[in-house]
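Commentary on secondary and tertiary structure
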Amino acid sequence: MPRFPLIDAHEDLAWNMLTFGRDYTLDAYEIRERERRANAIAPQVNGETLLGWPQYQQAGVVLAFATLFVAPSRKRSGAWEKLVYDTPEEAAHWNREQLAAYRRLVEDHPTMFTLITHRQAFEDLWQRSTQNLEQEHPVGLVLLMENAEGILTPEEDVPWWYEQGLRILGPAWAGTRFCGGTGEPGPLTDEGRRLLRAMAEVGLALDVSHMDEAAVLEALDTYPGVVLASHANPQKAVGIASNRFLSDRVLQGLFERDAVIGVVPYNRFLQAGWKPADGKQAVPLRRVAEVIDYICQKAGSARHVGIGSDFDGGFGREHTPAEIDTIADLPQLADILAQWGYIEADIRAIFAENWRRVLLQVLP
Ligand SMILES: [Zn+2]
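Let me sum up the structure you'll find in this document.

What counts as what
Residues numbered from 1 in each chain as written. Predicted model: local features only at pLDDT ≥ 70, side-chain atom pairs only at ≥ 80, totals over all residues. Heavy atoms only, no water. Helix = DSSP H or I, 4+ residues; strand = E, 2+ residues; numbered from the N terminus. Expected span 1.5 Å × (residues − 1). Buried < 20%, exposed > 50% of the residue type's maximum accessible area, 1.4 Å probe, protein only. Contact = heavy atoms within 4.5 Å. Core = buried A, V, L, I, M, F, W, Y, C linked by side-chain atoms within 4.5 Å. Donors = N, O, S within 2.8 Å, 3.2 Å for Na, K, Ca; no water. 1 Å grid on protein atoms, 1.4 Å probe; cavity = no way out; pocket = protein on both sides within 12 Å on 5 of 7 lines; lining within 4 Å. Points joined across faces, edges and corners; volume = space filled by probe spheres on them. Nonpolar A, V, L, I, M, F, W, Y, C, P; charged D, E, K, R; others polar. Pairing = 2+ DSSP bridges. Right-handed = clockwise from strand over helix to strand, strands pointing away. Salt bridge = Lys/Arg side-chain N within 4 Å of Asp/Glu carboxyl O.

**Comments concerning helix 5 (residues 88-108)**
Taking 1.5 Å as the rise per residue, helix 5 with 21 residues should run 30 Å; its terminal C-alpha atoms sit 30 Å apart, in good agreement. Within helix 5 the residues assigned to the buried category are Ala91, Ala92, Trp94, Asn95, Gln98, Leu99, Ala101, Tyr102, Leu105 and Val106.

**Here we look at the environment of proline 154**
Counting through the fold element by element, proline 154 comes out in helix 7 (residues 154-164). With 44 residues separating them in the primary sequence, proline 154 and alanine 198 have C-alpha atoms 5.9 Å apart. Aside from chain neighbours lying at most four places away, what touches proline 154 is Pro159, Phe178, Arg194, Leu195 and Ala198.

**What to know about the nonpolar core**
Ranked by size, the top nonpolar core spans 111 residues in total, and within it Phe113, Leu141, Met211, Leu254 and Ile292 carry the most contacts. Those residues within four positions of methionine 211 in sequence are excluded, and the remaining contacts are Pro171, Ala172, Cys179, Gly180, Leu188, Leu206, Val216, Ala219 and Asn243. By size, the runner-up hydrophobic cluster in this structure holds 22 residues, among which are Val62, Val226, Ala352 and Val362.

**Points about helix 11 (residues 248-256)**
Among all positions in helix 11, only Asp248, Val250, Leu251, Gly253, Leu254 and Phe255 are buried. Elements in contact with the buried residues of helix 11: helix 9 (213-222), strand 9 (227-228), helix 10 (235-238), strand 10 (261-263) and helix 12 (286-299). Aspartate 258 occupies a position one or two residues after helix 11 and carries a positive phi of about 55°.

**Description of the coordination of the zinc ion**
Coordination of the zinc ion by the protein comes from Glu146 (OE), His210 (NE2) and His231 (NE2), over a distance range of 2.0 to 2.2 Å. Along the chain, the residues donating to the zinc ion fall in the pattern E-x63-H-x20-H. With glutamate 146 in strand 6 (residues 139-146) and histidine 210 in the loop between strand 8 (205-207) and helix 9, this pair connects stretches of sequence that are 64 residues apart. Look at glutamate 146 and you get buried, because its relative accessible area is 5%. When its relative accessible area of 7% is taken as the criterion, histidine 210 is described as buried.

**Focus: the layout of surface pockets**
Computed from the structure, the largest pocket encloses a volume of approximately 740 Å³. For the largest pocket, the lining is made up of 31 residues, of which Trp173, Tyr266, Arg268, Gly313 and Gly314 are closest to its centre. Here the lining of the largest pocket is composed, by residue class, of 13 nonpolar, 11 polar and seven charged. Size it by volume and the second largest pocket reaches roughly 160 Å³. Met17, Leu18, Arg22, Asp23, Tyr24, Thr25, Ala101, Arg104, Leu105, Asp108 and His109 together form the lining of the second largest pocket. No other element matches helix 5, which puts four residues into the lining of the second largest pocket. In terms of residue class, the lining of the second largest pocket is made up of five nonpolar, two polar and four charged.

**Here's the deal with the pairing of strand 7 (residues 166-170)**
In terms of burial, strand 7 is a largely internal element, five of the five residues being buried. Of the pairings in the sheet, the one linking strand 6 to strand 7 comprises four bridges and is parallel in character. Within the sheet, the bridge partner assigned to glutamate 146 lies in strand 7 and is glycine 170. In this fold, the crossover linking strand 6 to strand 7 by way of helix 7 has right-handed handedness. Where strand 7 and strand 8 come together, two bridges link them in parallel fashion. When the bridges of strand 8 are listed, leucine 169 appears paired with leucine 206.

**Some points on unusual backbone geometry**
Phi is positive for asparagine 147, close to 90°, though the residue is something other than glycine. Looking at asparagine 147, the relative accessible area reads 1%, which means it is buried. Positive phi, close to 65°, is recorded for aspartate 312, a residue that is not glycine. By the secondary structure assignment, aspartate 312 is in the loop between strand 11 (305-307) and helix 13 (332-339). The buried category is assigned to aspartate 312, whose relative accessible area is 0%.

**A look at the pattern of salt bridges**
Tallied over the full model, the rule gives 27 salt bridges. Residues glutamate 149 and arginine 177 are paired through a salt bridge, measuring 2.7 Å at the closest nitrogen-oxygen approach. Taken as a pair, glutamate 149 in the loop between strand 6 and helix 7 and arginine 177 in the loop between strand 7 and helix 8 (190-202) lie far apart in primary sequence, 28 residues in all. Of the residues examined, glutamate 149 reaches a relative accessible area of 8% and is grouped as buried. The partner of lysine 298 in a salt bridge is aspartate 248, and the shortest N-O contact between them spans 3.4 Å. With lysine 298 in helix 12 and aspartate 248 in helix 11, this pair connects stretches of sequence that are 50 residues apart. Its relative accessible area of 41% is what places lysine 298 among the partly exposed residues. What you see here is one network of salt bridges that share partners, running through Arg32, Glu33, Arg36, Arg37, Glu48, Arg317 and Asp325.

Laid out in structure tokens, this is it:
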């Protein structure tokens, strides 16, 4: 049973729902069994699911940042990948489809999932869930747009998305019209600066995950609103020289902005050179705790780190540390941190309280 509430800052739920028909109201093992029986493509191209409703309860998940994610067709992984675009209009179409998928999910299953757009609703959910973590509670979802290419005109579209409930936006994935991104370096463009102004106007949080360092450094200096990194590991902690990871300079800037960084328990992001053929056993869960500890040591406190699992976002059970079979196994991280001398208040901060602080700043 979970001892600590958990807030997970990154899950590509709608992408999985629309791409593979995954139904997260089910048990993760039921989803796996159904995909096996149907000889579905999801386990081969994405990996076995790590998520399911009972597993959310076992993990103590109170809330997840639920993404609206689209990929440019130049990065398409195969013909199975549907949510891709050639034009901003196509990206916008898939963003709206994903919003509709979340609305159907919470309307059809109000006791299981609930969209959180306001502070009061979040506080109510938090109180209700944390009073007795062992009692079933709905999982809160806060909408996060990952890759802003579907924003056609920032001054018009950003307020519209805010009205729909969007609360966090990451301008990049690969490079976009707005800035350089993973594997496609580059600074903020003039359109990117316009996007940030429109975001600040409505009060969206800025997710710097996937943004190239040059773009992040400028945004850290100029963005007046809340800044965070929903799912990004530090370069030095993982020993991988890629702009997908946070340089120490960016880390320092994030600390100065009182930001929180979501650590990703994905083997490729934990151990340089890891490949699926090495097997999940090659990476122990301790590696995730080491990445968390790196951020805490750099910051001099446990105030700036959380979990951003990115679960089911292009990887699955086979690609996570040995001890992880589903999200229900993430609480084992608490035991490792406790063995290393982390006090309970710090473990609580890492599991949820840091993200809770951010949400209380972001939500109107
Ligand atoms: Zn991502």
